[in-house]
Structure formats: structure tokens, C-alpha cells
Amino acid sequence: MSIRDNGATRLRSLHPAPANGNGRPLLGLHDYGRLEIAAFQELDMLSPMRPRLARLLSEARVVPSPEIPANVITLGTTVRYRVDGDRMERRLLTLGREHVPSGQYVSVLTPVGLALLGRTPGETVEAETFNGDILRIVISMLEHQPEAEARARSFGGYDDGPEAA
């Protein structure tokens, strides 16, 4: 549900995230730092995303990046979701503003991308578009999360072949 405060939009989960139990988005310290820098370097002062990003940063629960559960959407995660009951979308969550014609990416500097960040499959969140429409986003599944992959490599989950020895 969205609540307006001084022109900013607060995103709240309709179903609390199992990863943190209280409905607040969960961010790793690394993603938090990258987002904090992006708020000032990538977005101009009049960008409607700047107050939304600042609100997310102030409301999020931040943990060391290695402690992010494997089911939490982070930067670099490939996620499947539906917007307003439409067809299933499969996107890689990015920080940049790149426009990819094939539509493989969704940036956290957009209302949908920001609503996904720090959330888990099974959650439903709402995001307000720039023209005031409310989008209902149902998160279905994660296909890949960089933190989980890094943990698997660190603990021997991957075989790098004989050259790694």
C-alpha cells in the first residue's frame, strides 16, 4: 500500500517478508552503499525517484551482505513477478539507467525495480507510477541471487575444475 508523505511514496508489503518478519525490505550493506551513492550521483535533485529511494534507505533493515538470505531480492538478482495480474515478467534487477530493448532488466531507479528490492517470493507490494497509478506486484520466484552464488563458491558448492587446484 502506498502512503504519501511530502511527495515521497512509502512502499509497504501487503504480506510481510519471511526473511525479516516485519515487512521492511532487507538490504545488504553493499547494496545499501551503492544505493546511497546512486541517490546523489545518478539522480538529479528534481527526480521523483530521489525521495522514494531515500525513504527505502531509511526504512530498510540493513545486514552484512553475506547474511542476506538466498530468497531476498538484491541488486543483480534475476526475479520473476507479475504486475497487475498481467503476464509473468523475468528481469535482472540493476542499478543503472540502461535501457535494454529486449527488456531483460529492471532498474531500481524505477518504481517497479525499487518495489522489488529487499523483498521475497510470495510477497505482494504496490508501487506508485510517476502519473499516480498504483501497480500491484506479485513476486513469484528468484532464479539467481549473487550473494547466494558467492556463498556457494566460498563453501565449495561449485567445482571450478582441475585448474582451480
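Residues numbered from 1 in each chain as written. Predicted model: local features only at pLDDT ≥ 70, side-chain atom pairs only at ≥ 80, totals over all residues. Heavy atoms only, no water.

Undergrad: What's the story with the overall build of the chain in this structure? I'm lost.
TA: Within the chain, the regular secondary structure consists of four helices and nine strands. Tracing the chain from N to C terminus, the helices and strands come up as β-β-β-α-α-β-β-β-β-α-β-β-α. Here the chain holds 165 residues, and 43% of them are scored as buried. Restricting the contact set of the chain to residue pairs at least 6 apart, pairs at least 24 apart contribute 61%. Put simply, the chain shows about 8,800 Å² of open surface, and 53% of that area lies on carbon and sulfur atoms. (Helix = DSSP H or I, 4+ residues; strand = E, 2+ residues; numbered from the N terminus. Buried < 20%, exposed > 50% of the residue type's maximum accessible area, 1.4 Å probe, protein only. Contact = heavy atoms within 4.5 Å. Areas by Shrake-Rupley, 256 points an atom, 1.4 Å probe, with all protein chains shown as cover.)

Undergrad: Just to check I follow, could you spell out the pairing of strand 8 (residues 124-128) for this structure?
TA: Across the five residues of strand 8, five count as buried, placing the element largely inside the fold. Every second residue of strand 8 is oriented toward a common face, with Thr124, Glu126 and Glu128 on one face and Val125 and Ala127 on the other, all of them buried. Summarising the sheet, strand 8 and strand 9 (residues 134-144) pair through five bridges and their orientation is antiparallel. Opposite Val125, over in strand 9, you have Ile137 as the bridge partner. Remark: five residues form the turn of the hairpin made by strand 8 and strand 9, two consecutive strands paired antiparallel; Gly132 in that turn has positive phi of roughly 95°. (Pairing = 2+ DSSP bridges.)

Undergrad: I tried to follow the pattern of salt bridges on my own but got confused; where do I start?
TA: When charged atoms on two side chains of opposite charge get close, those side chains can pair. Summed over the entire model, instances satisfying the criterion amount to eight salt bridges. Between Arg55 and Glu59 there is a salt bridge, with its nearest N and O atoms 3.7 Å apart. Here the residue Arg55 and the residue Glu59 both occupy positions in helix 2 (residues 49-59), the gap between them amounting to four residues, near one helical turn. Overall, Arg55 belongs to the buried group, its relative accessible area being 17%. Put simply, Glu149 and Arg153 hold a salt bridge, and the shortest N to O gap is 3.0 Å. Residue Glu149 and its partner Arg153 are located together in helix 4 (residues 146-154), separated by four residues, close to a single helical turn. Overall, Arg153 belongs to the partly exposed group, its relative accessible area being 45%. Each member of the salt-bridge network shares a partner with another, and the members are Arg80, Arg90 and Glu143. (Salt bridge = Lys/Arg side-chain N within 4 Å of Asp/Glu carboxyl O.)

Undergrad: How should the sheet that holds strand 6 (residues 88-94) be read in this particular structure?
TA: Where strands meet in a sheet, backbone hydrogen bonds hold them as pairs that are either parallel or antiparallel. One open sheet accounts for five strands, arranged 7-6-5-9-8; its pairing is mixed. Taken across any chain shown, the strands that pair with only one partner, and hence form the sheet edges, are strand 7 (105-107) and strand 8. Going across the sheet, the axis of each strand differs from the next one's by a mean of 45°, ignoring polarity. (Axes fitted to C-alpha atoms, helices over the stretch in contact; angles between N-to-C directions.)

Undergrad: Help me understand the nonpolar core, please; the structure alone is not making it clear to me.
TA: Nonpolar side chains in soluble globular proteins tend to be buried together. Residues Leu35, Leu53, Tyr81, Val108, Leu116, Leu117 and Ile137 are the most contacted members of the largest nonpolar core, which totals 31 residues. Elements supplying a minimum of two residues to this core: helix 1 (29-41), helix 2, strand 5 (78-83), helix 3 (111-116), strand 8 and strand 9. (Core = buried A, V, L, I, M, F, W, Y, C linked by side-chain atoms within 4.5 Å.)

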